Amino acid sequence: MPGPRVGDPAAELAAAGRLADEADRHGELAEALARRPVLLPTWSAPARAVAVYAACALAGSLLMLVALIGSPLPATGLDLVAAVSCAGVPLLSFLAGHLVLGRWGRPVLGGETPPGRYVPLGFVICALVAPSLFCVYLVVFRLLT
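Residues numbered from 1 in each chain as written. Predicted model: local features only at pLDDT ≥ 70, side-chain atom pairs only at ≥ 80, totals over all residues. Heavy atoms only, no water.

**Points about the overall build of the protein chain**
Broken down by element type, the protein chain carries 4 helices and 0 strands. In the protein chain, the succession of α and β elements from N to C terminus is α-α-α-α. Within the protein chain, the proportion of its 145 residues that are buried is 23%. Restricting the contact set of the protein chain to residue pairs at least 6 apart, pairs at least 24 apart contribute 77%. When the accessible area of the protein chain is evaluated, it comes to approximately 9,700 Å², of which 73% is carbon and sulfur surface. (Helix = DSSP H or I, 4+ residues; strand = E, 2+ residues; numbered from the N terminus. Buried < 20%, exposed > 50% of the residue type's maximum accessible area, 1.4 Å probe, protein only. Contact = heavy atoms within 4.5 Å. Areas by Shrake-Rupley, 256 points an atom, 1.4 Å probe, with all protein chains shown as cover.)

Shown next as structure tokens:
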């Protein structure tokens, strides 16, 4: 069995101090990362909200395009598709953006305050972008047929 290690206690104490300082620095870095949102962590809260709501509105407009293409109704009789596209899809896009911001738009630590979801801004984005793109789709299909 080896005997006790003989060394300079001051050097070992200094090395242990450096390792403790490095561990503290890594702990502070991990805590700082945990205080940032998971989704787009370097973006500001309003920019993150605009990006999420715009992405959800674009996804909703793609669903409207699929409904327009897949509809067995002629282009002049799209009352149901138009009603769903102008009312239902923007609402669903808004709710999807709201849920995404609530789940991934808040930090892991320090979540005492609710995340910035920017509800009026998101509703306006979803209510304007999705129906506007639906109108663009209709115009394009009218020009193509």
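**Quick look at the environment of isoleucine 125**
Looking at where isoleucine 125 falls in the secondary structure, it is placed in helix 4 (residues 119–144). With residues up to four places along the chain from it excluded, the contact list for isoleucine 125 reads Val50, Tyr53, Ala54 and Ala57.

**Things to note about the environment of alanine 127**
Considering the arrangement of structural elements, one finds alanine 127 in helix 4. You can call alanine 127 partly exposed: its relative accessible area is 33%. Separated by 70 residues in sequence, alanine 127 and alanine 57 have C-alpha atoms that sit 8.2 Å apart.

**Some remarks on the environment of glycine 122**
In this structure, glycine 122 sits in helix 4. Glycine 122 sits in the buried class, given a relative accessible area of 0%. Residues glycine 122 and valine 52, 70 residues apart in the sequence, show an inter-C-alpha distance of 8.6 Å.

**Describing the pattern of salt bridges**
Overall, the coordinates contain 1 salt bridge when judged by the stated rule. Linking arginine 35 and glutamate 31 is a salt bridge whose minimum nitrogen-to-oxygen distance equals 3.0 Å. (Salt bridge = Lys/Arg side-chain N within 4 Å of Asp/Glu carboxyl O.)

**A few points about the UniProt feature "transmembrane region" (unreviewed entry) in the protein chain**
UniProt feature "transmembrane region" (unreviewed entry): in the numbering of this structure it lies at residues 50–68, 80–101 and 121–144. Taken end to end, residues 50–68 is 100% helix and 0% strand, and its first and last C-alpha atoms sit 26 Å apart. For residues 121–144, the helix share is 100%, the strand share is 0%, and the end-to-end C-alpha distance is 34 Å. (UniProt positions renumbered as here; feature names shortened; annotations may be inferred.)

**Description of the nonpolar core**
The biggest cluster of nonpolar side chains holds 9 residues, and these are Ala49, Val52, Tyr53, Cys56, Ala57, Phe94, Leu101, Ile125 and Cys126. At the level of elements, helix 2 (45–70), helix 3 (79–104) and helix 4 are the ones that each hand at least two residues to this core. With 5 residues, helix 2 is the largest single contributor of residues to this core. In this structure, tyrosine 53 is in contact with Phe94, Gly97, His98, Leu101, Arg117, Tyr118, Val119, Gly122, Ile125 and Cys126, ignoring residues within four places of it in sequence. Formed by 6 residues, the second largest nonpolar core is a distinct cluster that contains Met64, Leu68, Val89 and Ala130. (Core = buried A, V, L, I, M, F, W, Y, C linked by side-chain atoms within 4.5 Å.)

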